[in-house]
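Close look at the chain arrangement
Residues per chain are reported as follows:
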Amino acid sequence: MRSQHVTKPPTIHDVAAAAHVSHQTVSRVLNGATNVRPATRSRVEHAIHALEYTRDDQAAALARRPRRHSTD
């Protein structure tokens, strides 16, 4: 049986590396924050397009969920 190489979809960290910014900056661009310089926003948007990045809606929903803290 031949093994097929399966490529993973690009992550926010891949976009950050391609745009030479932090993953937090990519997140700000994706969320429409206004505190990102236009040149930086352009680099991130270019990397998103070049890598064909799409946001994982399930992961984003998990990240927005309120966290439960242990009372131990």
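Check the entry above for the structure.
Notes on the structure in this doc start here. (Residues numbered from 1 in each chain as written. Predicted model: local features only at pLDDT ≥ 70, side-chain atom pairs only at ≥ 80, totals over all residues. Heavy atoms only, no water.)

What to know about the environment of R41
Stated precisely, the cut-off is as follows: The helix and strand labels rest on DSSP assignments: H or I over at least four residues marks a helix, E over at least two residues marks a strand, and numbering proceeds from the N terminus.
Inspection of the secondary structure assignment puts R41 in helix α3 (residues 38–51). Spatially, the C-alpha atoms of R41 and R67 are 30 Å apart, while their sequence positions differ by 26 residues.

Topic: the side chain of T25
Let me state the cut-off plainly: Any pair of residues with heavy atoms lying within 4.5 Å of one another is described as a contacting pair.
Mapped onto the fold, T25 is located in helix α2 (residues 23–30). When neighbours within four sequence positions are excluded, T25 is seen to be in contact with V36, T40 and V44.

A look at the layout of surface pockets
Stated precisely, the cut-off is as follows: Note on definitions: the grid is 1 Å and covers protein atoms alone; a cavity is a set of points where a 1.4 Å probe fits but cannot get out; a pocket is an open set with protein on both sides within 12 Å along at least five of seven lines; lining residues have an atom within 4 Å of a point. Grid points are joined across faces, edges and corners, and a volume is the space filled by probe spheres set on the points. Residue polarity follows a fixed list, in which Ala, Val, Leu, Ile, Met, Phe, Trp, Tyr, Cys and Pro are nonpolar, Asp, Glu, Lys and Arg are charged, and the others, Gly among them, are polar.
In this structure, the largest pocket encloses a volume near 250 Å³. Taken together, I12, S27, L30, N31, Y53, R55, D56, A59, A60, A63 and R64 make up the full set of residues lining the largest pocket. Broken down by secondary-structure element, the contributors of at least two residues to the lining of the largest pocket are α2 and α4 (57–64). The residue inventory of the lining of the largest pocket, partitioned by class, reads six nonpolar, two polar and three charged.

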